[in-house]
Amino acid sequence: MLYKMQPFTAFMNVESSRSYIDDLYSQDFNKCLNSIICIKNSVIGSNRQKESVISQGIVPRLIYLLKDKNIKNDVRTEAAITIGSLAKGTEDHIELLINSGVVQSLLEVLEEDDPKLINACLCCLRTLASQEHHLINSKFSTKNIQKLLSLVGPTESLQRQSCIATILTSSCKTVNEQNILCSVGGPLVLASLLSVDHPSVRIPVVTCLASMCFDNRDVAKEIVNTMYKDIKITEYLAGMVSREKPTEMQLEAARCLTNLHRADAISANDPIITYKTLPCLVRLCQFEHSESHRIVAADTLAYLTEVDSNLQQVAAISNQLVNALVDLLERSTVAARAAAFRAFASLGANDEDIRKRIIDTKCLIERVVEGLSDSNKEINLASVRCLHSLSRSVQQLRTTFQDHSVWKPLMTLLTDDPSPELLLAASSTLCNLLLEFSPAKEPILQQGAIQLLSTLTSSVDPALRLNGVWALMNLAFQAEQRVKSQILTTLGTDQIFRLLADSDPRVLMKTLGLLRNLVSPRTHTDTMMALHGPQVMQGVVLVLEGSHSPEIKEQALLILSNIADGERAKDHIISNDDVLKKLVDYMTHPAPCLQESAVFCVGNLSRKGEPGAIERQSKLRELGVVNILQQLMGTSDTVLFNRVKSTLGNFTDV
């Protein structure tokens, strides 16, 4: 049936045509339908017209018409299409629609049986689901997900397949949502859609799979093991990264395979990663592709190679890749420069030769320094991560980094209220720049590093606490006496005890490493123990009495060994019967590392030719040390045997 429409021009101003607005509320079917169609046509491609329609309060009426089952479906369908057009407007328009409850209304209509109406609702949902800044995933229930899956299959229209794949992508942003989509049969339905050999379907389907398995091992393994008509999902993906496929399809397939790998569902040695995914991403980083595609390829390559040294080496074989990433660094867009920095960070994470090649690349370090000082926070973070990766090179710490004074902009970032993510990356880099052989150590110290790092040790984030203690440990290694005293004074005894009671064993280990560096070498031991001896001993005892691993307790015993190496500091151990008893107990501990450390400490305490040696030896004899040493001479452990033999030699009458 044809409906008579009033004259209409696409350029009409809705505000000056109140009749169309008024007719929207008419009980006359034809008037209402004509009104919606005119409004729909007027807002297509015009944010100004969308704004006019929305400002006149039409959205609630459109939603009402959409939901009213007593109204003919032609009206409801046009209402859905018009809402979909409004959803292509500004962020404010989209936010208003979502806050008006349009998502739930559209999902409710999906329970009906009119294909045309359902498709209109799906198209509208797809538009809303495609918005980056207004996530609608919280609007979906498990029942909604099941309904969406039931509406799609290989025989449905391409439009419906594409819509539902895009909508499902927006519904699996969190681990819980990923698990729900997986548990209700998502992988099998998506696998069936991969059999549809059309880019408009395959690309959103693969995007959904990539989102579904991101950082989710269980879901990733389910996807890898899912097949449709005897073809696994990974087999479809392997074919999609071929160079003859559309570039966007290659990218999405490579990104999905990357996520499956990083979720431990596909190993780095699997040919689909080494010979398919990696070469595809390297190829798509090259100059001949569009900048937008190169950015996605570089970011995905960074994620793929971030933790595996073999993949880093394979990727770095191509000189063209390094040149292509340098070209991205020269681009004006933030996304291009940040992606290049992230890719360089991953490539240079583990291999010294690769790091040298990157650093020797023309103007690379200059670009990193510029990135550290950039006004854009994303560039700051990406360049810091790149610097962190490159700072693992001992040679570059002594040369290139010193020549470019990279510590200056880094310290500025650290003291300029950085985001948690930036603070973590920058403090990790600072750990490397404070290593003993780094020329940057002294100037960083002068910029207030001790206070900054001490503050980090009080962070609620375990990773920041770890970085703070780790950097202080590096700073204390072979440092001057004044620096060590400043560290202890700034950090404070109470904070040291809190760190020694930290629930994160990594923090505890680095705190013990810090204490060990503070009381060594021997020339500093007596002075440090004279100033802070009781506190140090209390901290060591705290660890030895705790329920910690042998590796942690070994560090505590090594601190005692350093103290026992001092001339006067020995008294802090020999006068403490409780500590001596613990030493004796650890000499017979099942863990070889604790036996060796305890014997080493006893050897330092009983060393001949030092003031008070005879008295110390006598006290150790009374505790049964000599008998235990004689029993340990039968050990098959070479290291322990040599230490026992050396220590026994201190007792002259044995």
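Residues numbered from 1 in each chain as written. Predicted model: local features only at pLDDT ≥ 70, side-chain atom pairs only at ≥ 80, totals over all residues. Heavy atoms only, no water.

Turning our eyes to something else, we now look at the overall build of the chain. Helix and strand counts for the chain stand at 42 helices and two strands. Compactness check: the chain gives a C-alpha radius of gyration of 34 Å against a globular reference of 26 Å for 654 residues, more than 25% above the reference. Classification of the 654 residues of the chain by burial places 57% in the buried group. The long-range fraction of contacts in the chain, counting pairs at least 24 apart against all pairs at least 6 apart in sequence, stands at 68%. Within the chain, one finds 65 positive and 72 negative side-chain charges whose respective centroids are separated by 2 Å. (Helix = DSSP H or I, 4+ residues; strand = E, 2+ residues; numbered from the N terminus. Rg over C-alpha atoms; globule rule 2.2 N^0.38 Å. Buried < 20%, exposed > 50% of the residue type's maximum accessible area, 1.4 Å probe, protein only. Contact = heavy atoms within 4.5 Å. Lys, Arg positive; Asp, Glu negative; His and termini not counted. Charge placed at Lys NZ, Arg CZ, Asp CG, Glu CD.)

In this section: helix α24 (residues 377-390). Helix length check: α24 (14 residues) gives 20 Å between terminal C-alpha atoms against 20 Å at 1.5 Å per residue, within 8%. Judged by how many residues are buried, α24 sits mostly within the fold: eleven of 14 residues are covered. Residues of α24 that are buried include every one of Ile379, Asn380, Leu381, Ala382, Ser383, Val384, Cys386, Leu387, His388, Ser389 and Leu390, and no others. Against the buried residues of α24 lie α21 (334-347), α22 (352-360), α23 (364-372), α26 (400-404), α27 (407-414) and α28 (420-433). (Expected span 1.5 Å × (residues − 1).)

Let us now look at the side chain of Asp502. Positionally, Asp502 belongs in the loop between α33 (493-500) and α34 (505-518). Judged by its relative accessible area of 12%, Asp502 is buried. For Asp502, the side chain forms a polar contact with the side chain of Arg465, separated by 2.7 Å. (Polar contact = N/O pair within 3.5 Å; in protein donor to acceptor, adjacent residues only side chain to side chain.)

With that settled, the discussion passes to a negative patch on the surface. Together, Glu51, Glu91, Asp92 and Glu95 make up a region of like negative charge exposed at the surface. Ranked by the residues each element gives to the negative patch, the list is headed by helix α6 (residues 91-99), at three residues. Assignment of secondary structure puts Glu91 in helix α6. (Patch = residues over 30% accessible without salt bridge, like charges linked within 9 Å, V, L, I, M, F, W, Y side chains within 5 Å. Areas by Shrake-Rupley, 256 points an atom, 1.4 Å probe, with all protein chains shown as cover. Salt bridge = Lys/Arg side-chain N within 4 Å of Asp/Glu carboxyl O.)

In this model α21 runs 20 Å from its N-terminal to its C-terminal C-alpha over 14 residues, within 8% of the 20 Å that 1.5 Å per residue would give. Counting buried positions along α21 yields eleven of 14 residues, so the element is predominantly enclosed. Of all the residues in α21, the buried ones are Ala336, Arg337, Ala338, Ala339, Ala340, Phe341, Ala343, Phe344, Ala345, Ser346 and Leu347. The elements touched by buried residues of α21 are α18 (291-305), α19 (309-316), α20 (319-329), α22, α23 and α24.

Let's shift gears to the packing of aromatic side chains. All told, the structure shown has one aromatic pair when counted by the stated rule. With a centroid separation of 5.7 Å and 40° between ring planes, the pair formed by Phe214 and Tyr303 is classed as tilted. With Phe214 in the loop between α13 (199-213) and α14 (217-224) and Tyr303 in helix α18, this pair connects stretches of sequence that are 89 residues apart. The lysine or arginine in question, Arg643, covers the ring of Phe600, its NZ or CZ lying 4.7 Å from the ring centre. (Phe/Tyr/Trp six-rings, centres within 6.5 Å; stacked < 30°, edge-to-face > 60°. Lys NZ or Arg CZ within 6 Å of the ring centre and 35° of its normal.)

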